Amino acid sequence: MIAIIDYKAGNLTSVRLAVEALGACARVTSAPGDILSAERIIFPGVGAAAAAMGTLASLGLDNAIRGAISNGTPFIGICLGAQILFERSAEDGGVGTLGILPGEVVRLAPREPRAKIPHMGWNQADFHKAHPVLDGIRDGSDFYFVHSYRMAPARNGDILTTTDYAGEVFASSVARGNIVATQFHIEKSGKTGLRMLSNFLAWDGKESPKC
Amino acid sequence: MLTFRIIPCLDVRNRRVTKGVKFQNNVDLGDPVEMALRYYEDGCDELVVYDITASAEHRPIDIGIVADVAKVVRIPFAVGGGISSLDDMQRVLLAGAEKVSVNSLAVANPSIISDGARAFGSQCIVLGMDPVRTDDLARFPSGYEITTRGFRLRTGMDAVEWARRAAGLGAGEIVVNSVDADGTRAGFDLDITRRIADAVNVPVIASGGAGKPSHLSDAYSAGHADAAIVAGMIHTGEYTISRIKAEMRGVPLRR
């Protein structure tokens, strides 16, 4: 079973429809038992980190997520679902998050003075390492972004892609072990995003050896 | 770098896409779901679907069209027309739309912007506005007055002032649809587009008047817009999205 984690953080319809467009079936769920028994897990989310952490804890999903990840279940976090995998977020004056990936989440600080926040629209992802979820995708492909904060992974080796927004180059996706975390919305990124989702649905959760 | 978005607009009436000039002389252009799919396949960056008769007919938006479009495209799309409450917004978003667009409703009741932003996030709330050029600079310092109800009502509100206020209330994006340029295919009104783009810290979408690819390049370079809406020039088959992108110069685009 493919589980889409529902923790009242934004709209899950487009994620579910994207999975269904690939001929797969996903269960949108808030049940820790579903998370622990899922074959693979999609962790979407839009909104504020503090509220999301509160909901995850009250539903017992924080420990279910930690358990599933340590069991090796292929796991993808998207947008807020990617950010709260890190140790802390600067949002809302600072909030402790799941602490599964080393690093933190900080506010975007584009260099160009007229740059708008949030960073909204299509921007390029430049590849930093090979990974099964990038199979068949061209380096520098455009993905759809909507965010005001960004991931700042502690280990450069975890960076899967980087993106340049108005002079600030940031980690737009991260991969480590059985976890992939994307700042961009693969479910709204056209055929490129659908290909990445399809790659994820076929992935065994292991990083390929370096070529 | 962030790319300039090209956004086809589908004006839907009785489940068909129509196009008129200044809301008059509407002609049938096709099925909205088929057209959405065609533009998606051809590389458009986003879509807007307006239920243009919902408000006039005092009925909620046709949610079936929203759900059907959501099934076939994998890009963000906004929906407007017939949105009169937070419940309407929620229905549209749960059907798979990324954004809801409010226009006349927000003029009548600006708190719908802040309420919507609080409930669903600013990124979901698009303010559409229909400014018309005016010589009365004493009352309208920007030289543009906001109209509503399909350009029929004048509001007495200055366009730039309204844009600033709406952004402050939490509008995540502003569509500037010039009454003077709408349907002319003679180019966007770059003056009001730039005034608003420079006045607010949210993305601004140029609308009304697109007739050829250079008009979209102008919206980016002279209008300071983040995106542009196209309608007639593609609905008639004169241009395709891919041809527009191929002919635009000096603008970062998604390829």
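Residues numbered from 1 in each chain as written. Chains lettered and ligands numbered in written order. Predicted model: local features only at pLDDT ≥ 70, side-chain atom pairs only at ≥ 80, totals over all residues. Heavy atoms only, no water.

1. Considerations on the overall build of chain B
Thought 1: The helix and strand inventory of chain B stands at ten helices and twelve strands.
Thought 2: For chain B, the C-alpha atoms occupy an extent of roughly 45 × 40 × 40 Å along the three principal directions.
Thought 3: Within chain B, buried positions represent 61% of all 255 residues.
Thought 4: Counting only contacts in chain B whose residues sit at least 6 apart along the sequence, the fraction spanning at least 24 positions is 64%.
Thought 5: Accessible surface for chain B amounts to roughly 9700 Å². Of this, 49% is attributable to carbon and sulfur atoms. (Helix = DSSP H or I, 4+ residues; strand = E, 2+ residues; numbered from the N terminus. Buried < 20%, exposed > 50% of the residue type's maximum accessible area, 1.4 Å probe, protein only. Contact = heavy atoms within 4.5 Å. Areas by Shrake-Rupley, 256 points an atom, 1.4 Å probe, with all protein chains shown as cover.)

2. Description of the overall build of chain A
Thought 1: Of the regular secondary structure elements, chain A holds six helices and 14 strands.
Thought 2: On C-alpha atoms alone, chain A measures out to a radius of gyration of 16 Å, which is about the 17 Å that the 2.2 N^0.38 rule sets for 211 residues.
Thought 3: If you line up chain A on its principal axes, its C-alpha atoms span 45 × 40 × 30 Å.
Thought 4: The buried share among the 211 residues of chain A stands at 60%.
Thought 5: Pairs at least 24 residues apart make up 69% of the contacts formed inside chain A by residues separated by at least 6 positions. (Rg over C-alpha atoms; globule rule 2.2 N^0.38 Å.)

3. Some points on the interface of chain B and chain A
Thought 1: Taken together, the 35 residues of chain B in the interface contact 28 residues of chain A.
Thought 2: The shortest N-O distance in the salt bridge between A:Lys191 and B:Glu41 comes to 2.6 Å.
Thought 3: Remark: the boundary between chain B and chain A carries 14 residue pairs in polar contact (both at pLDDT 80 or more).
Thought 4: Contributions of two or more residues to the side of chain B that touches chain A are made by α1 (32-41), α2 (63-72), α3 (86-94) and α7 (190-199) of chain B.
Thought 5: A per-class count over the side of chain B that touches chain A returns 16 nonpolar, six polar and 13 charged. (Salt bridge = Lys/Arg side-chain N within 4 Å of Asp/Glu carboxyl O. Polar contact = N/O pair within 3.5 Å; in protein donor to acceptor, adjacent residues only side chain to side chain. Nonpolar A, V, L, I, M, F, W, Y, C, P; charged D, E, K, R; others polar.)

4. Some words on unusual backbone geometry
Thought 1: Looking along the chain, the bond that leaves A:Ile117 and enters A:Pro118 is cis, with omega of 10°.
Thought 2: Along the chain, A:Pro118 falls in the loop between β7 (103-107) and β8 (119-124).
Thought 3: In the Ramachandran plot, B:His224 falls in the positive-phi region, its phi being about 60° despite a non-glycine side chain.
Thought 4: Take B:His224: its relative accessible area is 22%, and that puts it in the partly exposed class.

5. Let's talk about the packing of helix α6 (residues 159-169) of chain B against α7(B)
Residues and elements named next belong to chain B.
Thought 1: In contact at an axis separation of 9 Å, α6 and α7 are set at 35° when each is read in the N-to-C sense. Between α6 and α7 the crossing geometry is right-handed. Contacts from Ala-159, Val-160, Ala-163 and Arg-164 in α6 reach Ile-192, Arg-195, Ile-196 and Ala-199 in α7.
Thought 2: Looking at side-chain class alone, the contact of α6 with α7 contains six nonpolar, no polar and two charged residues. (Axes fitted to C-alpha atoms, helices over the stretch in contact; angles between N-to-C directions. Left-handed = near helix turned anticlockwise from the far one by under 90°.)

6. Let's talk about the packing of aromatic side chains
Thought 1: A complete count under the given rule lists eight aromatic pairs over all chains for this structure.
Thought 2: Relative to B:Tyr220, the ring of B:Phe4 lies with its centre 5.8 Å away and its plane at 80°, an arrangement referred to as edge-to-face. One end of the pair, B:Phe4, is in the segment before β1 (5-13); the other, B:Tyr220, is in helix α8 (residues 213-221), with 216 residues separating them in the sequence.
Thought 3: For B:Phe4, a relative accessible area of 1% puts it in the buried group.
Thought 4: Among the aromatic residues, ring-to-ring pairing joins A:Phe143, A:Phe145, A:Phe170 and A:Phe184 into one connected group.
Thought 5: One Lys or Arg, A:Arg40, reaches over the ring of A:Phe200 and ends 5.8 Å from the middle of that ring.
Thought 6: One Lys or Arg, A:Arg107, reaches over the ring of A:Tyr149 and ends 5.5 Å from the middle of that ring. (Phe/Tyr/Trp six-rings, centres within 6.5 Å; stacked < 30°, edge-to-face > 60°. Lys NZ or Arg CZ within 6 Å of the ring centre and 35° of its normal.)

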